[in-house]
Amino acid sequence: MANNVYNISLLTPAQTQQMRSDAAECVDLTHKCQLDNANLSICSDAQGCWKQKLIAPFEAAQRNRYDIRQPCHSDFPLCNNFSDIHAYLDSPRVREMLLVDSELGPWLEINKDVFETFVTDGDWSMSYDTYIADLLNDGLRVLIYAGDADLMCNWIGNRAWTELYHQEPQMHHTFSPGTTTRNHHTLTTCGMIDEPLDASRPTTDEEM
């Protein structure tokens, strides 16, 4: 993301060089975590390495984490205006479809208690890729969704592992992505959504 098609400067040359050096330490800690997921200490250390040395420099650029083409809106959580998402996810029909307990409050873009648990457990550094084949082989439909202007989701990594899975002979019958061009890049996708969310429009079961 430091080099992006939008020519938006996110890092200085010095930061980029330092991060290349720090990445080796973070990758090493991550490998150790994945060899022993029960060692929450090493997993937490690995997550801290990513957060402090590889994510914080990007955040310092003060760009919208969900769309680097936009500036960080400091008045909103995580720099982003979630009002449209709030309206959609809190609409009565969506809450009903998702079986949300009526006693629960409104949707939140971030729950600090849940987030802190992920941080404490070192969740970022653990590997869950072994579950993907099981999900696909059970016939579950999966959408991998990430944009090339998104700092929150690693679209390059997502493309890499989806293409890797597609190359596995045993996965051909369950994982058959199409290819389309989106934002100057060839992405592995199963479809595109270009229209904004409309909370007032009735939602079909297929869309849910």
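Residues numbered from 1 in each chain as written. Predicted model: local features only at pLDDT ≥ 70, side-chain atom pairs only at ≥ 80, totals over all residues. Heavy atoms only, no water.

S.K.: It is not clear to me how the side chain of Arg95 should be interpreted in this structure. Could you clarify?
M.R.: The residue Arg95 is located in helix 4 (residues 92-97) in this model. Since its relative accessible area comes to 16%, Arg95 is described here as buried. Residues contacting Arg95, with those up to four places away along its chain left out, are Leu89, Asp90, Val100, Asp101, Leu104, Gly105, Pro106 and Trp107. (Helix = DSSP H or I, 4+ residues; strand = E, 2+ residues; numbered from the N terminus. Buried < 20%, exposed > 50% of the residue type's maximum accessible area, 1.4 Å probe, protein only. Contact = heavy atoms within 4.5 Å.)

S.K.: I tried to follow the side chain of Ser125 on my own but got confused; where do I start?
M.R.: If you trace the backbone, Ser125 turns up in the loop between helix 5 (112-121) and helix 6 (130-137). Apart from the residues lying within four places of it in its own chain, the contact partners of Ser125 are Thr30, Cys33, Gln34, Cys43, Ala46, Gln47 and Trp50.

S.K.: Got a minute to help me understand the nonpolar core in this structure?
M.R.: Within soluble globular proteins, side chains that are nonpolar tend to cluster in buried spots. If you look at the biggest cluster of nonpolar residues, it comprises 17 residues, and the most contacted ones within it are Leu10 and Ile68. Elements represented by at least two residues in this core include exactly helix 1 (13-35) and helix 2 (40-59). Ranked by the residues each element gives to this core, the list is headed by helix 2, at 6 residues. Excluding residues that lie within four positions of it along the chain, Ile68 makes contacts with Met1, Asn4, Tyr6, Ile8, Leu10, Arg63, Ala149 and Leu151. (Core = buried A, V, L, I, M, F, W, Y, C linked by side-chain atoms within 4.5 Å.)

S.K.: How should I be thinking about the packing of helix 2 against helix 5 in this particular structure?
M.R.: Relative orientation and spacing of two packed helices are given, respectively, by the angle between their axes and the distance between those axes. Look at helix 2 against helix 5: their axes get within 6 Å of each other, and the N-to-C directions meet at 110°. Taken together, the axis directions place helix 2 and helix 5 in an arrangement best described as roughly perpendicular. Here Leu40, Cys43, Ser44 and Gln47 of helix 2 come into contact with helix 5, specifically with Phe118, Val119, Thr120 and Asp121. A breakdown of the residues in the contact of helix 2 with helix 5 according to their chemical character gives 4 nonpolar, 3 polar and 1 charged. (Axes fitted to C-alpha atoms, helices over the stretch in contact; angles between N-to-C directions. Parallel < 35°, antiparallel > 145°, perpendicular 65-115°, else oblique. Nonpolar A, V, L, I, M, F, W, Y, C, P; charged D, E, K, R; others polar.)

S.K.: Would you take a moment to explain the environment of Phe82 for this structure?
M.R.: Structurally, Phe82 is set in the loop between strand 2 (67-71) and helix 3 (83-89). Taking relative accessible area as the criterion, Phe82 reaches 7% and is therefore assigned buried.

S.K.: When you look at the packing of helix 1 against helix 2 in this model, what are you seeing that I'm missing?
M.R.: Where helix 1 meets helix 2, the closest approach of the two axes is 8 Å, and the angle between their N-to-C directions is 160°. Judged on the interaxial angle alone, helix 2 and helix 1 are roughly antiparallel. Relative to helix 2, helix 1 is oriented so that their crossing is left-handed. Counting all contacts with helix 1, which are made through Gln15, Met19, Asp22, Ala23, Glu25, Cys26, Val27, Leu29, Thr30, Lys32 and Cys33, the residues of helix 2 involved are Ile42, Cys43, Asp45, Ala46, Cys49, Trp50, Lys53, Leu54, Pro57 and Phe58. Across the contact of helix 1 with helix 2, the residue classes break down as 14 nonpolar, 2 polar and 5 charged. (Left-handed = near helix turned anticlockwise from the far one by under 90°.)

S.K.: How should I be thinking about the environment of Ile42 in this particular structure?
M.R.: Its place among the elements puts Ile42 in helix 2. Here Ile42 falls in the buried class, since its relative accessible area comes to 16%. Residues Ile42 and His31, spaced 11 residues apart in sequence, show a C-alpha to C-alpha distance of 9.8 Å. Excluding residues that lie within four positions of it along the chain, Ile42 makes contacts with Leu29, Lys32, Cys33 and Asp36.

S.K.: Where do I start with helix 5 in this structure?
M.R.: An α-helical turn contains 3.6 residues, so any two residues separated by three or four positions project in the same direction. Regarding helix 5, its N-cap is Asn111, as a side-chain oxygen of that residue lies 2.9 Å from the backbone nitrogen of Asp113 further along. Following helix 5 by one or two positions, Gly122 adopts a phi angle in the positive range, close to 65°. (Polar contact = N/O pair within 3.5 Å; in protein donor to acceptor, adjacent residues only side chain to side chain.)

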